[in-house]
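# Inside the fold
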Amino acid sequence: MTSRSMQLARRRTDVRAVEQRPRHGWKKTTWIWVFLLPTVVLYGVYTIYPIIASYWYSLVEWNGFDSGQKFVGLSNYKEVFADPLFWNSFKVTLLFMLLVVPARVLLTLLLAIVLNSPKLPLIGVLRSAFFIPVVTTTAIIGVVMRFVLDPSTGPINSVLMKLGFSGVDFLGGQHLALPTAAVLYIWKFFGVTMIYWLAALQTIPYELYEAARIDGAGTWQLFRYITLPMLKPFLIIITVLTVEETFHNFDLMYTLTGGGPYFHTEIVEIYIYRWAFAAPIPQLGHASAAAVIFGLLVAIVGAVQLWGVYAGRRLRGEQR
């Protein structure tokens, strides 16, 4: 039999096998969609629809109670851009990000290096201890910390006054409120960034450290010439993730300060909430316009995040 005849025979056999194969793939696909349907419906109703509706509400004048909605075009956007309190909330949001991101990224990196050591005793207990605040409800932490940091009856100020110091209004002082909230936010989500770094550190082969120690490398040299170069791809990704997370801190900031004192901790999310729900006459159009602008900012950060993932993968490929 010639080679051409053998190829034709094989093709006929393959065609018969495909024809005889049971065609039940559509049934599996149907059941997959059946189980996904509740999630898809809930996601569409509570996430996709509000996003789309906010674009429409940003173009109308509506208090949320009247049945009529007056179309005003881009007037809401003009009012938002002309409102100095919006730019103040924008500045506070960015300042909060600048306070939180470097501390979360750098401090958690140092802690992760310590907790990544196989010689450290009780390593599992220590990792769990730093991760416990992450699983605690953020709003509850805000309420509890308001009591702990109370200038008159809080335990911290009580200890300070017993030691002869005057009480400190951590959440009521104009210059202390935002740094205090930033410290609490770092403590609350410290474990998340720590897990990121631990996962990144475990991608570095331990044999590299052993070989460097045999050559006489010290702790600083190991960190400088092995750890840091190997972590460069992850640094971009973790930094961008941390930046995006800091934009969503409404629950902690609202329960801690409510945006005070005198708007010194009013982030964009609280600004939107104040116009939509806390105002004597709610202005959903104004709030929606601010939300759309804020959403575009988050979208830009998301695009940077995608670029960071791409750049990180490219760096890892170059290192290999």
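Our subject is the structure listed above.
The notes below deal with the structure included here. Since the structure is predicted, the reported quantities are computational estimates derived from the model, not experimental observations.

Turning our attention to the side chain of asparagine 157. Here asparagine 157 lies in helix α7 (residues 155–162). For asparagine 157, a relative accessible area of 0% corresponds to the buried category. Leaving out residues up to four positions away in the same chain, asparagine 157 has contacts with Leu149, Asp150, Pro151, Gly167, Val168 and Phe170.

We now examine a nonpolar patch on the surface. On the surface, a cluster of nonpolar side chains totalling about 520 Å² of accessible area is made up of Leu37, Val41, Leu42, Val45 and Tyr46. Tracing the backbone through its elements, the reader meets leucine 37 in helix α2 (residues 25–57).

The next point concerns the packing of helix α4 (residues 84–115) against helix α13 (residues 268–278). When two helices pack together, their arrangement is captured by the angle between the axes and the distance separating the axes. Running from N to C, α4 and α13 point in directions that differ by 145°, and their axes come no closer than 8 Å. Of the residues in α13, those touching α4 at Leu85, Phe86, Ser89, Phe90 and Thr93 are Val268, Tyr271 and Arg274.

Taken as a whole, the largest pocket encloses approximately 700 Å³ of empty space. Among the secondary structure elements, those contributing two or more residues to the lining of the largest pocket are α2, α13 and α14 (284–319). A total of nine residues in the lining of the largest pocket trace back to one element, the largest contributor, which is α14. Counted as a void, the second largest pocket has a volume near 450 Å³. Lining of the second largest pocket is provided by 17 residues; of these, Ile113, Asn116, Ser117, Tyr209 and Arg213 occupy positions nearest its centre. Of all the secondary structure elements, the ones that give two or more residues to the lining of the second largest pocket are α4, α10 (206–214) and α11 (219–246). Here the lining of the second largest pocket takes four residues from α11, the largest share from any one element. The residue makeup of the lining of the second largest pocket, split by class, is ten nonpolar, five polar and two charged.

Note that the residue after glycine 260, namely proline 261, is joined by a cis bond; omega there is -5°. Position of proline 261 among the secondary structure elements: in the loop between α12 (250–256) and α13. We note that tyrosine 262 has phi near 55°; this positive angle belongs to a residue other than glycine. Phi is positive for phenylalanine 263, which is not a glycine, with a value near 65°. Residue classification places phenylalanine 263 among the partly exposed positions, given a relative accessible area of 34%.

What follows is about the nonpolar core. Most often, soluble globular proteins have nonpolar side chains that are buried together. Counting 65 residues, the largest nonpolar core has Phe96, Trp197, Leu231 and Phe247 as its most contacted members. The greatest single-element share of this core, amounting to twelve residues, is contributed by α4. If we ignore the near neighbours within four places in the chain, the residues touching phenylalanine 96 are Leu178, Ala181, Ala182, Tyr185, Thr246, Asn249 and Met253.

It is worth spelling out the pattern of salt bridges at this point. Using the criterion set out here, one finds two salt bridges in the structure. The closest approach of N and O atoms between arginine 104 and glutamate 245, which form a salt bridge, is 2.8 Å. Residue arginine 104 is located in helix α4, and its partner glutamate 245 is located in helix α11; the two are separated by 141 residues in the primary sequence. What makes arginine 104 buried here is its relative accessible area of 0%. We note a salt bridge from arginine 274 to glutamate 266, for which the minimum N-O separation is 2.7 Å. Classification of glutamate 266 as buried rests on a relative accessible area of 2%.

One can describe the packing of helix α5 (residues 123–135) onto helix α9 (residues 190–201) by two numbers: an axis separation of 7 Å at closest approach and a directional angle of 130°. With respect to each other, α5 and α9 are oriented oblique. Residues Arg127, Phe130, Phe131 and Val134 of α5 form the contact with α9, whose participating residues are Phe190, Gly191, Val192, Met194, Ile195 and Leu198.

Quick look at the environment of alanine 212 now. Mapped onto the secondary structure, alanine 212 falls in helix α10. A relative accessible area of 14% places alanine 212 in the buried class. Not counting the four nearest positions on each side in its chain, alanine 212 is found in contact with Ala217, Leu222 and Ile226.

Summed over all chains, the structure comprises 19 aromatic pairs. Ring plane angle 25° and centroid distance 6.0 Å describe the contact between tryptophan 56 and phenylalanine 71, whose orientation is recorded as stacked. Of this pair, tryptophan 56 sits in helix α2 while phenylalanine 71 sits in strand β2 (residues 70–71); the two residues are 15 residues apart in sequence, bridging distant segments of the chain. Judged by its relative accessible area of 42%, tryptophan 56 is partly exposed. Note on phenylalanine 247 and phenylalanine 294: the rings are 6.1 Å apart at their centroids and 90° apart in plane angle, and the pair reads as edge-to-face. Taken as a pair, phenylalanine 247 in the loop between α11 and α12 and phenylalanine 294 in helix α14 lie far apart in primary sequence, 47 residues in all. Exposure remark for phenylalanine 294: the relative accessible area of 9% places this residue in the buried category. Put simply, the rings of Phe81, Phe86, Trp87, Phe90, Tyr271 and Trp275 touch in pairs and so form one group of aromatic residues. The ring of phenylalanine 189 carries the charged tip of lysine 188 above its face, separated from the ring centre by 4.3 Å.

Calculation rules
- Residues numbered from 1 in each chain as written.
- Predicted model: local features only at pLDDT ≥ 70, side-chain atom pairs only at ≥ 80, totals over all residues.
- Heavy atoms only, no water.
- Helix = DSSP H or I, 4+ residues; strand = E, 2+ residues; numbered from the N terminus.
- Buried < 20%, exposed > 50% of the residue type's maximum accessible area, 1.4 Å probe, protein only.
- Contact = heavy atoms within 4.5 Å.
- Patch = residues over 30% accessible without salt bridge, like charges linked within 9 Å, V, L, I, M, F, W, Y side chains within 5 Å.
- Areas by Shrake-Rupley, 256 points an atom, 1.4 Å probe, with all protein chains shown as cover.
- Salt bridge = Lys/Arg side-chain N within 4 Å of Asp/Glu carboxyl O.
- Axes fitted to C-alpha atoms, helices over the stretch in contact; angles between N-to-C directions.
- 1 Å grid on protein atoms, 1.4 Å probe; cavity = no way out; pocket = protein on both sides within 12 Å on 5 of 7 lines; lining within 4 Å.
- Points joined across faces, edges and corners; volume = space filled by probe spheres on them.
- Nonpolar A, V, L, I, M, F, W, Y, C, P; charged D, E, K, R; others polar.
- Core = buried A, V, L, I, M, F, W, Y, C linked by side-chain atoms within 4.5 Å.
- Parallel < 35°, antiparallel > 145°, perpendicular 65-115°, else oblique.
- Phe/Tyr/Trp six-rings, centres within 6.5 Å; stacked < 30°, edge-to-face > 60°.
- Lys NZ or Arg CZ within 6 Å of the ring centre and 35° of its normal.

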